[in-house]
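Observations on the three-dimensional arrangement
Each chain is listed here by its residues.
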Amino acid sequence: MEEFTILGNKNENKLSPDELSALALAFVGDGVFDLFIRTKIVGSGKKVRDLHKEAVDYVKASAQAEILKALEPELTSRESDIVRNARNAKVNTIPKHADIMDYHYSTAFEALLGYLFLSGQTERLYKILNMAFDYRNEKIKA
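Residues numbered from 1 in each chain as written. Predicted model: local features only at pLDDT ≥ 70, side-chain atom pairs only at ≥ 80, totals over all residues. Heavy atoms only, no water.

**Overview of the overall build of the protein chain**
To keep things clear, this is the line we draw: Under the scheme used here, helices are H or I runs from DSSP no shorter than 4 residues and strands are E runs no shorter than 2 residues, and both carry numbers assigned from the N terminus. When accessible area is computed with a 1.4 Å probe and restricted to protein chains, residues below 20% of their type maximum are described as buried, those above 50% as exposed, and intermediate ones as partly exposed. We call two residues contacting when some pair of their heavy atoms lies within 4.5 Å. The Shrake-Rupley method, run with a 1.4 Å probe sphere, supplies the accessible areas, and residue values consider only the shown protein chains as cover. Charge counting treats Lys and Arg as positive and Asp and Glu as negative, with His and both chain ends excluded. Taken as the charge centre is NZ of Lys, CZ of Arg, CG of Asp or CD of Glu, depending on the residue.
Each helix and strand counted, the protein chain has six helices and zero strands in total. Listing every helix and strand of the protein chain by position from the N terminus yields α-α-α-α-α-α. Relative to its 142 residues, the protein chain shows a buried fraction of 42%. For the protein chain, long-range pairs separated by at least 24 residues make up 74% of all intrachain contacts whose partners lie at least 6 apart in sequence. Working note: accessible area of the protein chain is about 8400 Å², and carbon and sulfur atoms make up 51% of it. One way to put it: in the protein chain the 20 positive side-chain charges average out to a point 5 Å from where the 21 negative ones average out.

As structure tokens, then:
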């Protein structure tokens, strides 16, 4: 499956990602990444409960933190700025099963995805998403 699309990705509301907080970008990016992973694994023939477990291996905070650390050398200066800003954002809650540093890095990764999605940079978004999937897939299989 090479193509990844989301209904309504033309940004009809003309939201400027530069006007949104890092946490708002992460909110969007979380949905983008979750949907991407689900569409990548859904055709495997596995049962839904097994698909859910597999998806969690990709989208949990520790996995996203690891992905971002691996991809950081590939980021543009603008993307690095978004990541740095989001990584330093003040968060009010942290999930029970997440390390604080992993959570900050995962928030930064999601903010990057949200920014790319909302700014219409779909080609770059697909590249980052596929690099993330391939990186994590190799880690899971190792």
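**Considerations on a nonpolar patch on the surface**
Selection criterion: What goes into a patch is any residue over 30% in relative accessible area without a salt bridge, connected to like charges within 9 Å or, for nonpolar side chains (Val, Leu, Ile, Met, Phe, Trp, Tyr), within 5 Å. Definition used for salt bridges: Asp or Glu carboxyl oxygen within 4 Å of a side-chain nitrogen of Lys or Arg.
A cluster of nonpolar side chains, namely Ile 94, Ile 100 and Met 101, defines an oily patch on the protein surface of about 250 Å² accessible area. Looking at the secondary structure, you find Met 101 in helix H5 (residues 100-118). Residue class for Met 101 comes out partly exposed when judged on its relative accessible area of 44%.

**Concerning the pattern of salt bridges**
Should the charged atoms of two oppositely charged side chains come close, the side chains can pair. A complete count under the given rule lists eight salt bridges for this structure. For Asp 18, the salt bridge identified is with Arg 78, shortest N-O distance 2.7 Å. Note that Asp 18 is positioned in the segment before helix H1 (22-41) and Arg 78 in helix H4 (residues 77-87), a separation of 60 residues in sequence. Residue classification places Arg 78 among the partly exposed residues on the basis of a relative accessible area of 39%.

**Remarks on the packing of aromatic side chains**
So the rule is basically this: Put simply, two rings from Phe, Tyr or Trp (the six-membered ring, in Trp's case) pair if the centres are within 6.5 Å, and we call them stacked under 30 degrees between planes, edge-to-face over 60, tilted for the rest.
Under the defined criterion, the tally for this structure stands at three aromatic pairs. On the basis of an interplanar angle of 90° and a centroid distance of 5.1 Å, the ring pair of Phe 33 and Phe 109 is categorised as edge-to-face. Placement of Phe 33 in helix H1 and of Phe 109 in helix H5 is noted, with a sequence separation of 76 residues between them. Taking the centre distance of 6.4 Å and the plane angle of 85° together, the rings of Phe 36 and Phe 133 count as edge-to-face. Linking Phe 36 in helix H1 with Phe 133 in helix H6 (residues 122-141), this pair joins segments that are 97 residues apart in sequence.

**Some words on the environment of Phe 36**
Accessibility expressed as a relative area gives 3% for Phe 36, which makes it buried. Once the C-alpha coordinates of Phe 36 and Val 48 are considered, the two residues, 12 residues apart in sequence, prove to be 16 Å apart.

**Here's the deal with the packing of H4 against H5**
Counted only if it meets this: Helix axes are fitted to C-alpha atoms over the stretch in contact, other axes to C-alpha atoms as well, and angles between N-to-C directions run from 0 to 180 degrees. Any angle between 65 and 115 degrees counts as roughly perpendicular, while under 35 counts as roughly parallel, over 145 as roughly antiparallel, and the rest as oblique. Crossing handedness: left-handed means the near helix sits turned counterclockwise from the far one by under a right angle, and right-handed means the same turn made clockwise. All residues other than Ala, Val, Leu, Ile, Met, Phe, Trp, Tyr, Cys, Pro, Asp, Glu, Lys and Arg, Gly among them, are scored as polar; the first ten of these are nonpolar and the last four charged.
In the contact formed by H4 and H5, the axes pass within 8 Å of each other and the chain directions differ by 135°. In terms of axis orientation, H4 runs oblique to H5. The hand of the H4/H5 crossing is right-handed. Along the contact surface, H4 presents Arg 78, Glu 79, Ile 82, Val 83, Ala 86 and Arg 87, while H5 presents His 104, Tyr 105, Thr 107, Ala 108, Ala 111, Leu 112, Tyr 115 and Leu 116. Of the residues that constitute the contact of H4 with H5, the class distribution is nine nonpolar, two polar and three charged.

**Quick notes on the packing of H5 against H6**
Viewed as axis vectors pointing N to C, H5 and H6 meet at an angle of 150°, and their least axial separation amounts to 9 Å. Relative to H6, the element H5 is oriented roughly antiparallel. When you trace H5 past H6, the crossing you get is left-handed. Together, Phe 109, Leu 112, Leu 113, Leu 116 and Phe 117 of H5 and Arg 124, Leu 125, Ile 128, Leu 129 and Ala 132 of H6 make up the contact between the two elements.

Don't take any of this as a statement about function, it's just geometry.
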